[in-house]
Amino acid sequence: MPIRLGDISLKTRVYVPPMAGVTDIVFRNLVRKVDPNCLLATEMVSSRALMHRPETRIMDLNPEEKPTGIQIFGHEPDVMAQAAQMAEAKGADFVDINMGCPVPKITKGKDGCALMREPDLAREIVSTVKAAIKIPLTVKFRLGWDDDSRNCIEFGQMLESAGAVAVTVHGRTRQQLYSGKANWEYIGRVKRALGIPVFGNGDVFEPEDAVTLLEKTGCDGVAVARGTLGNPWLISRINNYLETGKLADEPQPLERLVCAYLHAVGLVRYKGPRVGINESRRHLTHYTKGIEGAAPYRARLTQVNNTEEVAAILAELAEKVAGTETLRLFLLAVEQENFKNSEHPGKWHSDSESCVQTPVDLVTV
Ligand SMILES: Cc1cc2nc3c(=O)[nH]c(=O)nc-3n(C[C@H](O)[C@H](O)[C@H](O)COP(=O)(O)O)c2cc1C
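## A few points about the overall build of the protein
Here is step 1: Looking only at helices and strands, the protein has 14 helices and 10 strands in total.
Here is step 2: Against the compact-globule benchmark of 21 Å for 365 residues, the protein has a radius of gyration of 20 Å, which places it among compact chains.
Here is step 3: Counting the 365 residues in the protein, one finds 51% classified as buried.
Here is step 4: Sequence-distant contacts in the protein: of pairs separated by 6 or more residues, those separated by 24 or more amount to 70%.

Right, here's the structure in full:
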């Protein structure tokens with residue numbers, strides 16, 4: 001049975017959930033290239049900031065990128081409802097509410113996971129937002145605030161009764177941040193207590209992990225975040241494994257390096273040379289992680305200043321790890337992309353997007 005988000009019938013069981021500093025339009029396009037049916041969501045957007053800066057590009061969606069949700073955070077029901085309406089007007093397929101973010105900057109204002117300590121307020125937010133929009137509403141949360149207050153089961157039931165059509169549960173408490181292991185057993189308890197679809201989340205880095213999580217928890221779907229960093233192919237490999245029981249090969253170095261380049265170019269085109277290249281450094285190091293012999297190049301990629309330097313370093317790496325034919329094909333891909341860009345120069349946007357939260361450090365989480 002396909003998972004349903006309200007009226008939407010999904011063609012996948014795999015979800016790439018919101019990641020601040022990652023799931024922007026550039027990243028989402030790359031994931032969709034390898035898996036067109038994937039369920040995706042934007043980075044979290046501050047509902048309060050949207051009231052002052054409604055034009056933020058963080059909510060930009062391609063008309064073709066479906067299904068994609070916009071995630072909002074905040075704690076004022078009316079402001080959240082207005083933000084959700086703005087997301088709906090932007091073309092989101094669903095609105096997701098963030099009740100799981102553990103970062104102190106967010107939780108100290110009663111936002112994110114702090115709402116798990118305020119279930120009455122969380123209920124009011126969900127029912128107010130629900131009444132304000134026609135598209136489906138989902139919520140993402142954790143096991144609870146800390147080990148002594150794991151209220152995810154009652155919390156999930158409350159969200160369902162308030163109108164959420166699906167939830168994503170990250171199997172850690174707020175106190176854990178990203179430490180320890182995600183508790184899949186506990187996610188299973190939430191699944192069994194709810195009637196709406198549940199996406200289990202936490203520590204899926206290989207297709208086999210996804211299958212184990214789904215088996216252990218009985219969840220309808222799986223949400224995969226960090227595993228996709230520099231590795232959008234993980235999503236199609238998981239789907240393939242779920243459908244056929246066979247493990248597809250890992251991408252070859254050429255595919256990884258071309259995707260890394262396209263990611264950097266995409267960010268520079270979309271966010272401008274300064275912000276774009278700055279953000280691309282973190283991603284570039286992730287793309288090279290599965291490539292043997294890439295360590296010295298990775299260090300250089302953290303210091304690149306423009307896409308020409310990116311291309312030069314990746315070209316060296318291509319030749320070193322895979323030979324001259326791979327180098328030739330890499331340079332061809334670079335040339336084709338540069339030609340396309342010169343034919344259709346994109347507009348870029350260099351401001352600092354005040355509705356975007358400071359990205360969690362990709363290298364340390
Ligand atoms: C860089 C980064 C940014 C994140 N930003 C968000 C966010 O904006 N909203 C959200 O609900 N969760 C956010 N998360 C949490 C992830 O969606 C996910 O719940 C968590 O990483 C656990 O899943 P994983 O083990 O598959 O990475 C973020 C995680 C990372 C690593």
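## Some details on the site of the ligand
Here is step 1: In the vicinity of the ligand there are 26 residues, among which Pro 18, Met 19, Met 44, Ala 225 and Arg 226 approach most closely.
Here is step 2: Here the residues of the shell around the ligand sort into 14 nonpolar, eight polar and four charged.

## Side note on the pairing of strand β7 (residues 137–144)
Here is step 1: Counting buried residues in β7 gives eight out of eight residues, a clear majority hidden from the surface.
Here is step 2: One crossover worth recording links β7 to the parallel strand β8 (residues 166–173) by way of helix α6 (residues 152–162), and it is right-handed.

## A word on the sheet that holds strand β3 (residues 14–16)
Here is step 1: Strand order in the closed barrel made by the eight strands is β3-β4-β5-β6-β7-β8-β9-β10, with parallel pairing throughout. Across the sheet, the mean angle from the axis of one strand to that of its neighbour is 30°, orientation sign disregarded.
Here is step 2: The pairing of β3 with strand β4 (residues 39–46) spans two bridges and is classified as parallel. Residue pairing for β4: Tyr 15 is matched across the bridge by Leu 39.
Here is step 3: Relative to the sheet, α6 contacts β7 and β8, its axis offset from that of β7 by approximately 170°.

## Remarks on the packing of helix α3 (residues 77–89) against helix α5 (residues 119–132)
What describes two packed helices is the angle between their axes and the distance between those same axes.
Here is step 1: Their axes nearest at 8 Å, the elements α3 and α5 cross at an angle of 35°. The handedness of the crossing between α3 and α5 comes out as right-handed. Residue-level inspection shows Pro 77, Asp 78, Met 80, Ala 81, Ala 84 and Gln 85 of α3 in contact with α5, the latter providing Glu 124, Ile 125, Thr 128, Val 129 and Ala 132.
Here is step 2: The residue makeup of the contact of α3 with α5, split by class, is seven nonpolar, two polar and two charged.

## Some thoughts on the nonpolar core
Here is step 1: Grouped together as the largest cluster of nonpolar side chains are 110 residues, with contacts concentrated most on Ile 72, Val 95, Val 222, Val 224, Tyr 261 and Leu 314.
Here is step 2: For this core, the element with the most residues is helix α10 (residues 253–271), which contributes 10 residues.
Here is step 3: Composition of this core by domain shows at least three residues from each of domain 1 (4–244) and domain 2 (253–343).
Here is step 4: In this view, Ile 72 contacts Val 45, Ser 47, Met 80, Ala 83, Ala 84, Ala 87, Val 95 and Ile 97; residues no more than four positions away in its chain are not counted.

## Focus on α3
Here is step 1: Over its 13 residues, α3 extends 18 Å from the first C-alpha to the last, a length consistent with the 18 Å expected when each residue adds 1.5 Å.
Here is step 2: For α3, the full list of buried residues reads Pro 77, Met 80, Ala 81, Gln 82, Ala 83, Ala 84, Met 86 and Ala 87.
Here is step 3: In this structure, the buried side of α3 is in contact with β4, α2 (47–52), β5 (68–73), β6 (94–99) and α5.
Here is step 4: In the segment just after α3, Gly 91 is the residue with positive phi, at about 100°.

## Concerning the domain arrangement of the protein
Here is step 1: Along its sequence, the protein is carved into domain 1 (4–244) and domain 2 (253–343).
Here is step 2: Here the C-alpha centre of domain 2 lies 30 Å away from the C-alpha centre of domain 1.
Here is step 3: With six residues of domain 1 at the contact, the number on the domain 2 side is 11 residues.
Here is step 4: Counted by class, the side of domain 1 that touches domain 2 contains four nonpolar, two polar and no charged residues.

Parameters at a glance
Residues numbered from 1 in each chain as written. Predicted model: local features only at pLDDT ≥ 70, side-chain atom pairs only at ≥ 80, totals over all residues. Helix = DSSP H or I, 4+ residues; strand = E, 2+ residues; numbered from the N terminus. Rg over C-alpha atoms; globule rule 2.2 N^0.38 Å. Buried ≥ 20, exposed ≤ 12 C-beta atoms within 10 Å, placed from the backbone. Contact = placed C-beta atoms within 7 Å. Near = placed C-beta within 6 Å. Nonpolar A, V, L, I, M, F, W, Y, C, P; charged D, E, K, R; others polar. Right-handed = clockwise from strand over helix to strand, strands pointing away. Pairing = 2+ DSSP bridges. Axes fitted to C-alpha atoms, helices over the stretch in contact; angles between N-to-C directions. Left-handed = near helix turned anticlockwise from the far one by under 90°. Core = buried A, V, L, I, M, F, W, Y, C linked by C-beta atoms within 7 Å. Domains from an automatic or database assignment. Expected span 1.5 Å × (residues − 1).

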